[in-house]
Amino acid sequence: MGSRKGFFAVKIMIRKITHHRPLFFLYLTVFINMIGFGMVFPLLPFYAKTFNATPLEIGLLAASFSLVQFFASPVLGRISDRFGRKPILVFGLLASTFTMFLMGAAQNLAMLFVARCIHGTIAAAILPTARAYMADVTTKENRVAGMGKIGAANSFGFLFGPAFGSLLVGFGGPHIPFFAAAAVALFNAFSVFIFLRESLTHKSETLVLKEGMFNIVRIIPHLRGEHGLLFFIMFAWAFGMSNNQVAFPLLIGDKFNIGADHAGYFFTVLAIVNSSVQGFLLPRIVGITGEKGAIVGGMFAQGLGLILVAISPNVATLFLSLMTLAFGSAINRPTAEGLVSRETRTGQGTTLGIANSFESLGRVFGPLIGGATYAINGMFPFFFSAALLWFLGIVAIQSLRIKRVGVK
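Small disclaimer: the values here were computed from a predicted structure and weren't measured.

1. Looking at the overall build of the protein chain
Here's step 1: Of the regular secondary structure elements, the protein chain holds 15 helices and zero strands.
Here's step 2: The burial tally for the protein chain puts 50% of its 408 residues in the buried class.
Here's step 3: In the protein chain, of all internal contacts separated by at least 6 residues, the share reaching a separation of at least 24 is 86%.
Here's step 4: When the accessible surface of the protein chain is summed, it comes to about 19000 Å², and 68% of that surface belongs to carbon and sulfur atoms.

The following block contains the structure:
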C-alpha cells in the first residue's frame, strides 16, 4: 500500500513539473538521447576493427549513417506532420533500442552495417522531430532561443556520453556500451510515452512522401545562388569533422596505442571546448571580428587543429591540437548557419533545410574519403580536410560580402 502511495506521489510531482515547465521532458529526451549516441559513436571504429574492418570499410560504416539519414529526414518529418510529434519520438526511441542492441550483438561486419543503416534511418526521427516540437510550442519571437536550448541539451548530453562509453568498455568489452545505449533509449521511450504531451494541434490531413525524398534534386540549383559559398562552408565544416571522427580513433590506436577504453575522453574534450565557446565566447568574438572574420578565422583554426592532430608527437600536444580544432569548429559552423538565416528574406525553413542537406553530404563524403585516404597514409585525411577548409577560407576572404551588424 505504501509503495503505491509513493508511486502516485512521484507521478503527481512529475506532472506538476511538466505542467509548469512543459518543455522539461523534451530537453530531457534530447539530453538522454545524445548520452546514448555519444556512448557508442567514438567507439565504432574500434568495434568495427574487431571484425577485421579496413579503414575504407570503417569510413563506409560511418558514412552509411548520414547517407540514409539524408533521405529519411524529410520523409519522417512529413509523417510527424500527419500523425504528431510524440508517436514519432516514441517510435524512434524504441527502434533505436532495437538497433543499439543489434549492433552490440553483431556477429560480423555485415550485421553491423545493417544495424548502422537502420540506426541512421531511425535517428532522423528523433532530433528533427524534437526541433519540430519546439517550433510547435514557441512563438516566432522566442523560437531561436528555444532551438538554442535544444542544441544546448544535445551538446550537454555529448559531454557525458563518450566518457561513459569508454568507462563501460573497461568493464566488459566493446559491445557493452551498445547494450547500455539500448537501455538508455528504452528508458527514454517510456518517459516520452508517459510524460510528454503532444504538441501538434493541427495535423496534416494527407500524407505526401514523394516531395523531399531526394534532397539532391533540391540542393543542386542552390550551388550558384546567393548562399552558395556559405553552403559550401557548411559542407567543408561537416566534411572535416566527420573525416576526423573516423581517422582520429584509427590514428590514436596506431600511433599511441590508445584503445576504446580511453578514446571517448578525447571526444569529451571536444564537446567541452565546443559548448564553452558557443555558450560564452562566440558573441564576443563576432562582436570583435564581425561575421566574415569569425567564419574565416574559424575555418583556418579548424584546419590548423586538424594538421596539429596529425603531427602531434605525444598525447599532451594531441589534447592541445584537439582544443584548437574544437575552437575553430565552434566558431565556424554556427556563424555560417546564422548568416544563412540572417541573409534570407523569405523561406527560412527551406533555406535552412538546404543548408542542412549540404552539411549531411559533408558527413557522407567525409568518412568515405577519411577511411580511403587513411589506408594510404594516416596523415592524409587530416591534411586533405585542412586543405579544403583553407581553400574555402581564402575564397571567403575574396568573395564573401557581408554587412557587419552590431552585436549586443
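2. Some details on the side chain of Asn188
Here's step 1: With respect to the helices and strands, the residue Asn188 is situated in helix H9 (residues 176-195).
Here's step 2: Among the residues examined, Asn188 registers a relative accessible area of 1% and is labelled buried.
Here's step 3: One polar contact links the side chain of Asn188 to the main-chain carbonyl oxygen of Thr29, over a distance of 3.0 Å.
Here's step 4: Setting aside anything within four residues of it in sequence, one finds Asn188 in contact with Leu28, Thr29, Ile32, Asn33 and Leu93.

3. Thoughts on the confidence of the model for the protein chain
When pLDDT drops low, the exact placement of atoms in the prediction is not to be read closely.
Here's step 1: Within the protein chain, residue pLDDT values average 80, and 79% of them lie at 70 or more.
Here's step 2: Helix H15 (residues 380-399) holds the highest mean pLDDT among the elements of the protein chain, 92, whereas helix H1 (residues 2-20) holds the lowest, 55.

4. With respect to unusual backbone geometry
Here's step 1: At Asn52, a position not held by glycine, the phi torsion is positive, near 60°.
Here's step 2: If you trace the backbone, Asn52 turns up in the loop between helix H3 (44-49) and helix H4 (55-83).
Here's step 3: Look at Asn52 and you get exposed, because its relative accessible area is 68%.
Here's step 4: A positive phi angle, near 60°, is found at Asn257, a position not held by glycine.
Here's step 5: If you trace the backbone, Asn257 turns up in the loop between helix H11 (228-256) and helix H12 (260-311).
Here's step 6: In this structure Asn257 comes out as exposed when scored by relative accessible area, which is 71%.

5. Some details on the nonpolar core
Here's step 1: The biggest cluster of nonpolar side chains holds 91 residues, and the ones touching the most others in it are Leu112, Ile233, Phe248, Ile252 and Ile295.
Here's step 2: Looking at which element gives the most residues to this core, the answer is H12, with 20 residues.
Here's step 3: For Leu112, the contacting residues outside a window of four places in its chain are Tyr47, Ala48, Phe51, Leu61, Met103 and Ala106.
Here's step 4: Judged by nonpolar contacts, the second largest core, of 18 residues, contains Leu89, Ile126, Tyr133 and Ala153.

6. Brief notes about the side chain of Asn244
Here's step 1: Tracing the backbone shows Asn244 in helix H11.
Here's step 2: With a relative accessible area of 0%, Asn244 lands in the buried category.
Here's step 3: Among residues more than four places away in sequence, those in contact with Asn244 are Pro249, Leu270, Leu306, Val309, Leu325 and Phe382.

7. A short note on the packing of aromatic side chains
Here's step 1: The full count for this structure, using the stated rule, is 18 aromatic pairs.
Here's step 2: Ring geometry for Phe248 and Phe267: centres 5.9 Å apart, planes at 85°, overall edge-to-face. In this pair, Phe248 is assigned in helix H11 and Phe267 in helix H12, connecting sequence segments 19 residues apart. This pair shows no difference in class: Phe248 is buried, exactly as Phe267 is.
Here's step 3: A network of ring pairs unites the aromatic residues Phe31, Phe156, Phe160 and Phe164 as a single cluster.
Here's step 4: Directly above the ring of Phe193 sits Lys86, whose terminal nitrogen or CZ lies 5.7 Å from the centroid.

8. Remarks on the pattern of salt bridges
Here's step 1: Applying the stated criterion across every chain yields a total of two salt bridges.
Here's step 2: Among the salt bridges present, the one from Arg363 reaches Glu359, with a minimum N-O distance of 3.7 Å. Remark: Glu359 and Arg363 occur in helix H14 (residues 348-374); sequence separation between them is four residues, near one turn of the helix.
Here's step 3: On the basis of relative accessibility, which here comes to 9%, the residue Glu359 falls in the buried class.

Conventions used here
- Residues numbered from 1 in each chain as written.
- Predicted model: local features only at pLDDT ≥ 70, side-chain atom pairs only at ≥ 80, totals over all residues.
- Heavy atoms only, no water.
- Helix = DSSP H or I, 4+ residues; strand = E, 2+ residues; numbered from the N terminus.
- Buried < 20%, exposed > 50% of the residue type's maximum accessible area, 1.4 Å probe, protein only.
- Contact = heavy atoms within 4.5 Å.
- Areas by Shrake-Rupley, 256 points an atom, 1.4 Å probe, with all protein chains shown as cover.
- Polar contact = N/O pair within 3.5 Å; in protein donor to acceptor, adjacent residues only side chain to side chain.
- pLDDT = per-residue confidence, 0-100.
- Core = buried A, V, L, I, M, F, W, Y, C linked by side-chain atoms within 4.5 Å.
- Phe/Tyr/Trp six-rings, centres within 6.5 Å; stacked < 30°, edge-to-face > 60°.
- Lys NZ or Arg CZ within 6 Å of the ring centre and 35° of its normal.
- Salt bridge = Lys/Arg side-chain N within 4 Å of Asp/Glu carboxyl O.

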